[in-house]
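Structural characterization, general
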Amino acid sequence: MALAGPVEDLKSEGVEARRAAALAIRSVDREARVAALPALIDRLMTEKDGQVRLAVFDAVTSLGPDAAPAVEALAHSLRSNFGNQGREKSHQDYRAALALAAIGGPAVETLRSLLTERRESVRAEVVMALGRIGPDAAPAVADLLPLLADPGDRIRAEAVRALGSIGPASLDPLIAACSHEDAKVRSGAVEALGFATAPDPRAVAAVIGRARDDSPEVRAAAIRSLARFGEAVPEKDALTALQAGLRDDDEGVRLAAVDASIDRPELLARSADDLESLLTAPGDGPARHAAFLLGRMGADAAPRLLRALADDRSRVGPIADALAGLGLPVAPTLVEAAASPSPRVRQAAVLALGSLRPLAPGAVEVMTKGLRDADPAVSAASLAALGSLGPRAAPAIPEVRALLRGDSAELRAQAVAVLAQAAPRDGKLVDDLMGVLDDPEPAVRRPALERLRGLGTLGRKAIPAAIAKLNDPDDDVRAAAADLLGGHGPSAAEAVPALTAMLAGPSPRIRILAAETLGKLGRSAQAAFDPVAALLDSPDEPVREAAALTLGALGLDAEAVRPRLAGALRDPSPAVRKAALRTVQRFGPSASYFAPDVLLMAVEKEDRPAVERFLKRLERRGPDPRTIPELTSRLGHDHPAVRLLAVRLVALAGPAAAPALPALERLREDPDAEVRAQARAACDRLKPAPATPPGEA
């Protein structure tokens, strides 16, 4: 391909021409790209367009060592900012570093010099490039070792990988660093040894020794490196390290051991006895991880998991999860276990059956039977398992329904949830839920109301019962009742008297709740206007905010609302003022009636942008003619921001603003320059054009 045109176009003033040229050069054969290298280098030194630079980086990177003459230009790219910001700049640095890495050995000394760059992101990319170069970057080992203690996580991680990738030249320094006094350096060195492509016996020995380090960070790094070494580690040593890691008090070490065990299934199988013993370990973490790993061993692990349940120190939940993870092959074992004399075994069996997917044949029957178990924990587990099945638990509904009348409040509350999940369209569900609204426990009454709320129109039958619950002694129950009523909107109009009474409730939370719910009832709650408006005088800011928002939701005319809302627009609380302005905006075209009050918000600097946006919406219609006298009075306000906005608004009124002309004329001499300028423009706009003398038409 002839390159004369694209090479010349790289110098073009037009960015599109340069982009096309760079893409063209990137796509030609290798010989042509080598020939174009001087032009590409020139672009790297001066080009500011990101797309051009990326295409040039691609072309240079593709040349590998043949691009050695571009090393200094690439270094210049890393040192310089060509106007790119944020992610684009970071990506440009990354691509420049990749190009240097592709060049390999000839770029090493330059990369070493870049390790002192001020920007951390550049240093990180440089370390990454040295790691990609591999053994040819051996001269940089001395520069990279101190970075194992670097405070930057990215630089430290790249140094670990780079030192591992460099290979033999870094072996002795890394082994020495495994004994460094700084745990961060030790963990980095141990981790780096694990990245070596060909594990050295000395490296393996050093890492095995660090598996017993005092620092959990180092122990975890040792386990990860031993896993990477694979079969280079003597099986006995690997097994000892993994088993110790699984018993470690530190979560990070245990997780490293879990990952390593998964990667070495042959070692996992040999750890079965140790894992079984861990199921009864004192800490939750080791027991949980042991159950997980046993669950990875297939159906043969089921007897071990079930056997551990005979010991009260074992954890039912993690074991049940592990049993479920064994899949359908273990279902017959679980069905049998559900009839065990041990309550803990029965509990784990029903929980596991509830989690098996697809659902095992006969599982629902087993769980239903468990609801009648003499042990409360088994009943609760059976109910929880059924709750995870949704409508598939429908055959158990009669038994679940019976639990609503049981002695356990926990089971009654749980039964409420399961019924709603298993039979969301059952005709008896509303009656079932309404039947527990007088339960002695709030923990039962509240979820019943919440489930009724979730039934939508089906729950409308419960409106009278929910109104009664507005007087419940528990605030959470009252909140759930109000939420249910608000969800039905105007259909719950009969709740207005009770909600209005709540406006005088004993706590701000109740008063807010009542106001918000009345707002959801819309026009049907207009009778509550005065009590809601009275809350604007509350000493509690959130109460005033809720009241301001509710006034705009009752469907009343602007004329009725404005006298009560005007004060809220000047409330000392920014949140209340913002809520009041939102209410004003709900009035649509009628919002212009509130303009004289909204203008006063401009006294507060933080409110001016909102006032400006409000006025912007009035530009097409202009102000309400009824407000012209008040707007005229605002022209004499003490604050220049109010005067300025008043001038702008009056000017939009056209001929209707004629009475304001004298006040506007006085503002021609206002102390504020912007007010003066706007007043002169308004006067010129509003003054009638001089009449044309007769005969000059």
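Structure shown above.
Quick summary incoming for the structure in this document. The structure presented is a predicted model; accordingly, all values stated were derived computationally and were not measured.

Attention now moves to the overall build of the protein. Helices and strands together make up the secondary structure of the protein, namely 44 helices and 0 strands. In terms of overall dimensions, the protein is more spread out than a globule: its C-alpha atoms have a radius of gyration of 38 Å, far above the 26 Å expected for 697 residues. The principal-axis extents of the C-alpha atoms in the protein amount to approximately 110 × 90 × 50 Å. Per-residue burial over the protein gives 54% buried out of 697 residues. Counting only contacts in the protein whose residues sit at least 6 apart along the sequence, the fraction spanning at least 24 positions is 65%. Per element, the accessible surface of the protein, about 31200 Å² overall, is 53% carbon and sulfur. Where the 88 positive side-chain charges of the protein centre and where its 94 negative ones centre are 4 Å apart.

Attention shifts here to the pattern of salt bridges. Counting across every chain of the model gives 60 salt bridges. A salt bridge links D42 to R43; the shortest N-O distance between them is 3.7 Å. Accessibility expressed as a relative area gives 11% for R43, which makes it buried. With a shortest N-O distance of 2.7 Å, E276 and R304 are connected by a salt bridge. Pair noted here: E276 is in helix α19 (residues 272-278) and R304 is in helix α21 (residues 302-308), with a separation of 28 residues, a long-range link. Through salt bridges with shared partners, one network takes in R18, D42, R43 and E47.

The subject of this paragraph is the packing of aromatic side chains. Within this structure, the stated rule accounts for 1 aromatic pair. Taken together, a centroid distance of 5.2 Å and an interplanar angle of 45° make the contact between F587 and F594 tilted. Look at F594 and you get buried, because its relative accessible area is 0%. Of note, R228 hangs over the ring of F195, and the distance from its end group to the ring centre comes to 4.1 Å. Sitting over the ring of Y593, R562 keeps its end group 5.1 Å from the ring centre.

What follows deals with the environment of P655. Within the fold, P655 resides in the loop between α42 (640-651) and α43 (661-666). The class for P655 is exposed, based on a relative accessible area of 75%. A sequence separation of 31 residues divides P655 from L686, and the C-alpha atoms of the two residues are 6.5 Å apart.

Turning our eyes to something else, we now look at the nonpolar core. The biggest cluster of nonpolar side chains holds 250 residues, and the ones touching the most others in it are V60, L323 and L386. The element that contributes the greatest number of residues to this core is α42, accounting for 9 residues. Ignoring any residue separated from it by four or fewer positions in sequence, one finds L323 in contact with A302, L305, L306, V330, L334, A348 and A352.

This part covers the packing of helix α25 (residues 363-370) against helix α26 (residues 376-387). Two numbers describe a pair of packed helices, the interaxial angle and the distance between the axes. Where α25 contacts α26, the axes come no closer than 8 Å and their chain directions differ by 145°. When the axes of α25 and α26 are compared, the crossing they make is left-handed. For the pair α25 and α26, the contacting residues are V364, M367, T368 and G370 in the first and V378, S379, S382, A385 and L386 in the second. Among the residues forming the contact of α25 with α26, the class breakdown is 5 nonpolar, 4 polar and no charged.

A few words now on the environment of A299. In this structure, A299 sits in the loop between α20 (284-295) and α21. It is 9.3 Å that separates the C-alpha atoms of A299 and T333, two residues lying 34 residues apart in sequence. Beyond its immediate chain neighbours, meaning those up to four positions away, A299 contacts L326 and P329.

Time to look at helix α38 (residues 574-585). Within an α-helix, residues lying three or four positions from one another point in the same direction, as the helix has 3.6 residues per turn. An ideal rise of 1.5 Å per residue puts 16 Å on 12 residues; α38 measures up with 17 Å between its terminal C-alpha atoms. The complete set of buried residues in α38 reads V576, R577, A579, A580, L581, T583 and V584. Where the residues of α38 are buried, they touch α36 (541-551), α37 (558-565), α39 (595-599) and α40 (608-617). N-capping of α38 is provided by S573, with a side-chain oxygen placed 3.2 Å from the backbone N of A575.

Turning next to helix α5 (residues 50-62). Taking 1.5 Å per residue, 13 residues should reach 18 Å; α5 reaches 18 Å between its end C-alpha atoms and fits that length. Measuring from the side-chain oxygen of the N-cap residue of α5 to the backbone nitrogen of Q51 gives 3.2 Å; that N-cap residue is D49. Looking one or two residues beyond α5, the residue adopting positive phi is G64, at roughly 55°.

Positionally, E125 belongs in helix α9 (residues 120-133). The exposure class of E125 is buried, given its relative accessible area of 6%. For E125, the contacting residues outside a window of four places in its chain are S90, D93, Y94, A97 and R154.

We now examine the packing of helix α2 (residues 15-27) against α5. The N-to-C vectors of α2 and α5 enclose an angle of 15°; their axes lie 9 Å apart at closest approach. Put simply, α2 runs roughly parallel to α5. Both α2 and α5 take part in a crossing whose hand is left-handed. Judged by residue contacts, V15, R18, R19, A22, L23 and R26 of α2 engage Q51, V52, A55, V56, D58 and A59 from α5.

Going from R357 to P358, the amide bond is cis rather than trans, its omega being 0°. Residue placement: P358 occurs in the loop between α24 (343-355) and α25.

Glancing now at the side chain of H289. As for its placement among the helices and strands, H289 is situated in helix α20. In contact with H289, other than residues within four places in its own chain, are E251, R254, L255 and V258.

What counts, and at which threshold
- Residue numbers restart at each chain and count upward from 1, following the sequence in its written direction.
- Whole-chain, interface and lining totals are the exception, using all residues; otherwise, since this is a predicted model, local features are given only for residues with pLDDT of at least 70 and side-chain atom pairs are given and counted only at 80 or more.
- To obtain the side-chain values, all non-hydrogen atoms of the structure were used and water was disregarded.
- Secondary structure elements are taken from DSSP: a helix is a run of H or I of four residues or more, a strand is a run of E of two residues or more, and numbering for both begins at the N terminus.
- Here the radius of gyration uses the C-alpha set of atoms, whereas the globule reference equals 2.2 Å times the residue count to the power 0.38.
- Relative accessibility thresholds used throughout: buried, under 20% of the residue-type maximum; exposed, over 50%; partly exposed, between the two (1.4 Å probe, protein chains only).
- What makes two residues a contact is simply this: any of their non-hydrogen atoms within 4.5 Å.
- Residue-level accessible areas treat just the shown protein chains as cover; the underlying method is Shrake-Rupley with a 1.4 Å probe.
- Here the positive residues are Lys and Arg and the negative ones are Asp and Glu; neither His nor the chain ends is included.
- Where a charge lies is defined by one atom per residue type: Lys uses NZ, Arg uses CZ, Asp uses CG and Glu uses CD.
- Think of a salt bridge as a Lys or Arg side-chain nitrogen and an Asp or Glu carboxyl oxygen that are within 4 Å of each other.
- Side-chain rings of Phe, Tyr and Trp (the six-membered ring for Trp) are treated as a pair once their centres are within 6.5 Å; stacked means planes under 30 degrees apart, edge-to-face means over 60, and tilted covers the remaining angles.
- We call a charge positioned over a ring when the NZ of a Lys or the CZ of an Arg lies within 6 Å of the ring centre and within 35 degrees of the ring normal.
- Joining through side-chain atoms within 4.5 Å is the link that ties buried Ala, Val, Leu, Ile, Met, Phe, Trp, Tyr and Cys residues into a set, and such a set is a nonpolar core.
- To define axes, lines are fitted to C-alpha atoms, for helices over the stretch in contact only, and angles between the resulting N-to-C directions are given on a 0 to 180 degree scale.
- Left-handed is the label given to a crossing in which the near helix is rotated counterclockwise from the far helix by less than a right angle, and right-handed is the label when the rotation is clockwise.
- Any residue outside Ala, Val, Leu, Ile, Met, Phe, Trp, Tyr, Cys, Pro, Asp, Glu, Lys and Arg is labelled polar, Gly included; the first ten of those are nonpolar and the last four are charged.
- A helix's residues, less one, multiplied by 1.5 Å, set its expected span.
- Counted as a polar contact is a pair of N or O atoms within 3.5 Å, where, for protein atoms, one must be capable of donating a hydrogen and the other of accepting one, and residues adjacent in sequence contribute only when both atoms are in side chains.
- For this classification, under 35 degrees means roughly parallel, over 145 means roughly antiparallel, 65 to 115 means roughly perpendicular, and everything else is oblique.

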